[in-house]
Amino acid sequence: MATPVEGPRHLPLVNVAFELGLQVVRMTLTPTPSPWRRREMVRWLVTCATDIGVKALVSIMHNWYTLFTPTEATGMVATTIMSHTTMLQVNVNYVQQEELANCARNLALQCAAKEPQSCALAALTLCEKDPVAFETAYQIVVDAAANVMDSSQLFNIARYMEHRGYPGRAYKLAVLAMKNLTLAYNQDSHPAINDIHWACALSHSLGKSELTNIIPLVVKNVQCATVLSDILRRCTMTAPGMASPDGKRRSLKLLSYDKSPLRQLLDAAISAYINTTHSRLTHISPRHYGDFIDFLSKARETFLLAHDGHIQFAQLIEHMKLIYKGKKKLMYLIKERFG
């Protein structure tokens, strides 16, 4: 039933094929054992509708819920219909293009409300040129953040917002994403680490108040010592607020480790290093002694950022020597490196 790529279109036959296609996608709307065949059929149906014209395209978007899943409707149907290639192929005028765009936006908002976790980003993209629809899609994401969307999905949309030039909205979504995230002490290669660094960098670029607002969430939800210490150092490389509207006009100062908001982050990093040290020592084997000494060296660098850090680190070393004195080889290595 495929339509020819070139040459004359036999419209009556295409119409019949289109009606048959509608019946097939309705019948296979429930989960199918061959999802790739379903995707192929959906794409083919959109191609048929494109050959017929605007009326058919409007029809499948108006009736999407009887034909497609929300993910299919936004990601495969509306996105394909609104592409530059389809607009040229259908040869629409301005009025027709606006009609299609309105249908696509309405579809996108309905799908985002039904399945925000899989449709919100596509909905925002489809609504970019309409401020009201774009704001509606954004609000759907905010409302769904607490119960439906995970941190990875929220971070993806937050990064998209920053890319589109909405750092304030990106920051709000990053805060919501941080609330949904937990990073344990031993997850130092977790895929969310890049998102955490990005969220803190965004907050830092917007200003001290934004950074002050997000640091308690980082402290609460991130127990990984190396991640906390990396964030701490990055926050002192430049002054906060460089990306704010008046950032270049104000006299900005570097943040101090001894004052808010970094003091809380420094205390959390030191505490995380202490807890991680004891956790690693519980089941350590001789082949990991070298890595553990390197870990302690990194820990000491963070301890020394505090005014009494040298005392705290010395207490940690003495505590280890007392509790784990049975691990003689390890204690010898620690004494050799740290005294």
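Remember, it's a predicted structure, so these values are computed and weren't measured experimentally.

(A) Representation of the overall build of the protein chain in the model. Looking only at helices and strands, the protein chain features 18 helices and 0 strands. A globule of 339 residues ought to have a C-alpha radius of gyration of about 20 Å, yet the protein chain, at 28 Å, is considerably larger. Within the protein chain, the fraction of its 339 residues that count as buried is 45%. Across the protein chain, 36 positive and 27 negative side-chain charges occur, with their mean positions spaced 7 Å apart.

(B) Geometry of the pattern of salt bridges. Summed over all chains, the structure comprises 9 salt bridges. One salt bridge in this structure joins Lys 321 and Glu 318, with 3.5 Å as the shortest N-O distance. On the criterion of helical spacing, the pair formed by Lys 321 and Glu 318 is a turn pair, its members being 3 residues apart in helix 17 (residues 309–323). Assessed through its relative accessible area of 22%, Lys 321 is described here as partly exposed. Residues joined in a network through salt bridges with shared partners are Asp 258, Arg 263 and Asp 267.

(C) Layout of helix 17. When the terminal C-alpha atoms of helix 17 are compared, their 21 Å separation across 15 residues agrees well with the 21 Å that a helix rising 1.5 Å per residue should span. Taken together, the buried positions of helix 17 are occupied by Gly 309, Phe 313, Leu 316, Ile 317 and Met 320. Taken down its axis, helix 17 places every buried residue within 95° of arc, on the same side. For helix 17, the exposed residues lying more than 90 degrees away from the buried face are Gln 315 and Leu 322. On the buried face of helix 17, the contacting elements are helix 15 (262–282), helix 16 (289–303) and helix 18 (328–338).

(D) Structural detail: unusual backbone geometry. Ser 260 connects to Pro 261 through a cis peptide bond whose omega is 5°. By the secondary structure assignment, Pro 261 is in the loop between helix 14 (225–234) and helix 15. Positive phi outside glycine occurs at Asn 91, with the angle close to 60°. Here Asn 91 lies in the loop between helix 6 (84–90) and helix 7 (94–114).

(E) Here's a closer look at helix 12 (residues 193–206). Under the 1.5 Å per step criterion, the end-to-end length of helix 12 is 20 Å for 14 residues, consistent within 8% with the ideal 20 Å. Burial runs high along helix 12: 12 of the 14 residues are buried. When we look at burial in helix 12, the residues that qualify are Ile 193, Asp 195, Ile 196, His 197, Trp 198, Ala 199, Cys 200, Leu 202, Ser 203, His 204, Ser 205 and Leu 206. Check the buried side of helix 12 and you find it contacts helix 10 (151–163), helix 11 (167–179), helix 13 (208–221) and helix 14. Residue Gly 207 follows helix 12 closely and has a positive phi angle near 150°.

Reading the values: the criteria
- Residues numbered from 1 in each chain as written.
- Predicted model: local features only at pLDDT ≥ 70, side-chain atom pairs only at ≥ 80, totals over all residues.
- Heavy atoms only, no water.
- Helix = DSSP H or I, 4+ residues; strand = E, 2+ residues; numbered from the N terminus.
- Rg over C-alpha atoms; globule rule 2.2 N^0.38 Å.
- Buried < 20%, exposed > 50% of the residue type's maximum accessible area, 1.4 Å probe, protein only.
- Lys, Arg positive; Asp, Glu negative; His and termini not counted.
- Charge placed at Lys NZ, Arg CZ, Asp CG, Glu CD.
- Salt bridge = Lys/Arg side-chain N within 4 Å of Asp/Glu carboxyl O.
- Expected span 1.5 Å × (residues − 1).
- Arc of directions from axis to C-beta.
- Contact = heavy atoms within 4.5 Å.

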